[in-house]
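The lines below spell out each chain.
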Amino acid sequence: MTMTEIGAAYDGRATEYIDLFGTIDQLAKRDHETITTWRDTTTGRLVDAGCGPGLWSQELTTGGVREVVGLDASAEFVAAARARYPEVSFERADMADLPLEDESVGGILAWYSIIHTPPADLPAILGEFARVLTPGGSALIGFFDGDPGEAFDHAVHTAYYWSAEALADMLAPHGFVIERAASRQDPGARRRAGDLVARRTT
């Protein structure tokens, strides 16, 4: 499954997705706290990789003047994000081939945007994260916590579980160390949520 195919799958559900998850107040308060805390401790240009309709990209611009770039494989999401948040730059892109220069960003938010990536394809994306981050830059990655690499049914397309430990092992060859990892089970949620902050040290 290529990023183009995943983007097309989200194109077909974009309106429904935006209705359900298109604003900050529709999402878990814990997510907002996690992302804004990371934002406020990260410097330089920020990238929202897998930005969807742009709500987190816009949130990254608050709390200080900085450049934020939102990237997504879905043309419908990019169009919606541009209309909703014209002050942010949005572009259609593949996370395995980021349209960014080497060591050009201070932080990457990948909030549940790696979930559809087959395990064999994930190292290429993590390598791209390392390429574009400055030394000392960090990535905040959200994922569904479970048996690493196990596939599960998702409303849009097949998704995969990960664990902080498994992702740490995959990030290490790219010069990352894990600074923080957490997981939780929200009331009424179907799947256990996980997130981690990885810093590029080399």
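Residues numbered from 1 in each chain as written. Predicted model: local features only at pLDDT ≥ 70, side-chain atom pairs only at ≥ 80, totals over all residues. Heavy atoms only, no water.

A. Layout of helix 7 (residues 164-171). Within helix 7, burial applies to Ala164, Ala166, Leu167, Met170 and Leu171. For helix 7, the angular spread of the buried residues around the axis is 160°, confining them to a single face. Set apart from the buried face of helix 7 by more than 90 degrees, the exposed residues are Glu165 and Asp169. Elements that come into contact with the buried residues of helix 7 comprise helix 6 (122-132), strand 5 (133-144), strand 8 (176-184) and strand 9 (193-200). (Buried < 20%, exposed > 50% of the residue type's maximum accessible area, 1.4 Å probe, protein only. Helix = DSSP H or I, 4+ residues; strand = E, 2+ residues; numbered from the N terminus. Arc of directions from axis to C-beta. Contact = heavy atoms within 4.5 Å.)

B. View of the packing of helix 6 against helix 7. Look at helix 6 against helix 7: their axes get within 10 Å of each other, and the N-to-C directions meet at 65°. Accordingly, the angle class assigned to the pair helix 6 and helix 7 is roughly perpendicular. You can see that helix 6 and helix 7 cross each other, and the crossing is right-handed. On helix 7, the residues that touch Leu122, Pro123 and Leu126 of helix 6 are Leu167, Met170 and Leu171. (Axes fitted to C-alpha atoms, helices over the stretch in contact; angles between N-to-C directions. Parallel < 35°, antiparallel > 145°, perpendicular 65-115°, else oblique. Left-handed = near helix turned anticlockwise from the far one by under 90°.)

C. Structural view of the side chain of Thr42. Inspection of the secondary structure assignment puts Thr42 in the loop between helix 3 (29-40) and strand 1 (46-49). Using a relative accessible area of 5% as the deciding quantity, one classes Thr42 as buried. At 2.6 Å, the side chain of Thr42 forms a polar contact with the backbone oxygen of Trp38. Sequence-distant contacts of Thr42, defined by excluding residues within four places in its chain, comprise Arg66, Gly106, Gly107 and Ser138. (Polar contact = N/O pair within 3.5 Å; in protein donor to acceptor, adjacent residues only side chain to side chain.)

D. Geometry of the pairing of strand 4 (residues 105-111). Counting buried residues along strand 4, seven of its seven residues qualify, which places the element largely inside the surrounding structure. Pairing of strand 1 with strand 4, which is carried by three bridges, proceeds in the parallel orientation. Bridging from a neighbouring strand, Leu46 pairs with Gly107 of strand 4. Across six bridges, the pairing between strand 4 and strand 5 is parallel. Bridge pairing in strand 5 links Ala110 to Ile141. The handedness of the strand 4 to strand 5 crossover, carried by helix 6, is right-handed. (Pairing = 2+ DSSP bridges. Right-handed = clockwise from strand over helix to strand, strands pointing away.)

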